[in-house]
Amino acid sequence: MPKKIKLGILGGGGDSLIGVLHRVAAHINDNYEIVGAVFNADFEESLEFAKEIDVPTNRIYKDFETLVEEELKLPKDERIQVCSILTPNFLHFPMAKKLLQNGFHVICEKPMTTTYDEAKILQDTLMKAGTVFAVTHTYTGYPMVRQMREMIKEGALGKIYKVDAQYYQGWINTIIHDKEKRSSVWRLDPEKAGISSCMGDIGVHAFNMIEFTTGLQIKSLLCDFNYLYKDNQMDVDGTVLIRMDEHVKGVIRASQVATGEENGLAIAIYGEKGAFRWEQEKPNFLYKLSDTEPLQVYKPGHAYNSELSLDGTKLPPGHPEGIFDAMANIYLGAARAIRGERYNDGEFPTMLDGVRGLNFIESTVASHKQGNVWIDLD
Ligand SMILES: NC(=O)c1ccc[n+]([C@@H]2O[C@H](COP(=O)([O-])OP(=O)(O)OC[C@H]3O[C@@H](n4cnc5c(N)ncnc54)[C@H](O)[C@@H]3O)[C@@H](O)[C@H]2O)c1
């Protein structure tokens, strides 16, 4: 068994939403050990949390600059090899840039940065660094999403005509409708979240899901946002028409005010030979629709699945694969890349996914602000 990869964590403290997902995912395949961190902006809070989860406190640092500085003083075989960035969005860019410039691998939450310009700078920085960079578009790690991608690549749908992706999320709905609360969350503060809330936070997952599964790129879009309240500067709902080619079109629907929804990410892809439909809340069922054959349901772990899909299941069929497993699959792919082992394309979203995501987010805002016009992506 190779030695565990030394993992540092930035953000993801005990008060955070996403920290636990990364910590558990990192441990699922026994590849990583957390050896250092800045879990919170507040040093004392960070230390307390480290004690709570039994991470040695001698490598809990006051900020990310100190983490990089102090870790570089350690012998290479003791040093953090990869850092996961799990902070509010505005910190992703300075943290990732500093880490790459100092030879660390990076696992970064989405959106990768707050601007498209920053994303391109980070791309150049990575080219020079030559390290591994993964962006955690978690949902690409689900076995049946991977299966959909591989079957589409092999021509199961023939030519694709129509794509429909939805991300309707519930938990922030009541916060948005509460005047006091909506002025205090970082997701609705452009300084901390970037120029978009709904598209930047969740629409970008739907965008990534489309490009990941179809292998096609979105070439142009037209977006209509809803803001709801005068004191809120950020979109909380949006509908985006997309064109991927002359006859490949579709829609991305994202909302943070779709009352009663939970984590409703869903995708449908329609082609000349059939269609796929998949929903995040029932991730173990991939539906294949046809005009001529009965409905087919693909499930994880069966031998009929692709290598990429089977690589993401650990137990025999019938043991549900959930969000922790999906993230663990991304961590597994990143571990193979960090160790210089062979891995399959699609095992983890890359810098390119991050750059495309920011191109998408900024284009949706530009489209809406210019009066709902068509905008070309790069
Ligand atoms: N992949 C996904 O599906 C998914 C889901 C949720 C969130 N996210 C992303 O994860 C990131 C974090 O989101 P969240 O919901 O966990 O946010 P959160 O507000 O719940 O947690 C943020 C954490 O970062 C810490 N933090 C803040 N400033 C810091 C600093 N200067 N140094 C170190 N730590 C600091 C906070 O103390 C907190 O622990 C965001 O970029 C978000 O878009 C991704």
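For the structure itself, look to the data block above.
Residues numbered from 1 in each chain as written. Predicted model: local features only at pLDDT ≥ 70, side-chain atom pairs only at ≥ 80, totals over all residues.

### Quick notes on helix 6 (residues 143-153)
Argument step 1. Judged by how many residues are buried, helix 6 sits mostly within the fold: 8 of 11 residues are covered.
Argument step 2. When helix 6 is considered as a whole, its buried residues turn out to be Pro 143, Met 144, Val 145, Arg 146, Gln 147, Met 148, Arg 149 and Met 151.
Argument step 3. For helix 6, the elements touching its buried residues are helix 10 (198-214), strand 11 (275-279), strand 12 (286-289), strand 13 (296-298) and helix 11 (307-310). (Buried ≥ 20, exposed ≤ 12 C-beta atoms within 10 Å, placed from the backbone. Helix = DSSP H or I, 4+ residues; strand = E, 2+ residues; numbered from the N terminus. Contact = placed C-beta atoms within 7 Å.)

### Focus on the sheet that holds strand 12
Argument step 1. What the 9 strands build is an open sheet, ordered 13-12-11-10-6-9-8-7-14; its pairing is mixed. Across the chains shown, the open sheet's two edge strands, defined by having one partner strand only, are strand 13 and strand 14 (375-376).
Argument step 2. Looking at chain direction, strand 10 (residues 263-271) and strand 11 are connected through 5 bridges and run antiparallel. Residue pairing in the sheet places Ala 266 in a bridge with Glu 279 of strand 11. (Pairing = 2+ DSSP bridges.)

### Structural notes on the site of the ligand
Argument step 1. For the ligand, the set of nearby residues contains 21 residues, the closest of which are Gly 11, Gly 13, Ser 16, Leu 17 and Ile 18.
Argument step 2. Class assignment of the residues belonging to the shell around the ligand gives a composition of 8 nonpolar, 9 polar and 4 charged. (Near = placed C-beta within 6 Å. Nonpolar A, V, L, I, M, F, W, Y, C, P; charged D, E, K, R; others polar.)

### Some remarks on the packing of helix 1 (residues 19-28) against helix 12 (residues 323-338)
Argument step 1. Look at helix 1 against helix 12: their axes get within 8 Å of each other, and the N-to-C directions meet at 60°. Judged by the sense of rotation from one axis to the other, the crossing of helix 1 with helix 12 is right-handed. Every residue of helix 12 that contacts helix 1 at Leu 21, His 22, Val 24, Ala 25, Ala 26 and Ile 28 is listed here: Ile 323, Phe 324, Asp 325, Met 327, Ala 328 and Tyr 331.
Argument step 2. Residue classes in the contact of helix 1 with helix 12 are distributed as 10 nonpolar, 1 polar and 1 charged. (Axes fitted to C-alpha atoms, helices over the stretch in contact; angles between N-to-C directions. Left-handed = near helix turned anticlockwise from the far one by under 90°.)

### Comments concerning the sheet that holds strand 5 (residues 133-135)
Argument step 1. Taken in spatial order, the 5 strands of this open sheet run 2-1-3-4-5, and their pairing is parallel. Both outer strands of the open sheet, strand 2 (32-38) and strand 5, are each paired with one neighbouring strand and no more. Averaged over all neighbouring strand pairs, the angle between strand axes comes to 20°, with direction disregarded.
Argument step 2. Where helix 3 (residues 64-72) meets the sheet, it contacts strand 1 (5-11) and strand 2, and its direction lies at approximately 125° from that of strand 2.

### What to know about the pairing of strand 9 (residues 248-255)
Argument step 1. Of the pairings in the sheet, the one linking strand 6 (residues 160-169) to strand 9 comprises 7 bridges and is parallel in character. The residue of strand 9 that forms the bridge with Ala 165 is Ile 252.
Argument step 2. Inspection of the sheet shows strand 8 (residues 237-245) paired to strand 9 by 8 bridges, in the antiparallel sense. Counterpart to Gly 238 in the pairing with strand 9 is Ala 254.
Argument step 3. Taking the residues that link successive antiparallel strands as the turn, the strand 8-strand 9 hairpin has 2 residues.

### A few points about the packing of helix 5 (residues 116-129) against helix 13 (residues 351-369)
Pairs of packed helices are described in terms of their axes, by the angle between the two and the distance that separates them.
Argument step 1. Packing of helix 5 against helix 13 leaves a shortest axis separation of 8 Å and a crossing angle of 165°. In this view, helix 5 runs roughly antiparallel relative to helix 13, as classed from their interaxial angle. For the pair helix 5 and helix 13, the crossing hand works out as left-handed. Residues Tyr 116, Ala 119, Lys 120, Leu 122, Gln 123 and Leu 126 of helix 5 form the contact with helix 13, whose own contacting residues are Met 351, Gly 354, Val 355, Leu 358, Asn 359 and Glu 362.
Argument step 2. Residue classes in the contact of helix 5 with helix 13 are distributed as 7 nonpolar, 3 polar and 2 charged. (Parallel < 35°, antiparallel > 145°, perpendicular 65-115°, else oblique.)

In short, the description is geometric, and any link to function would need to be established separately.
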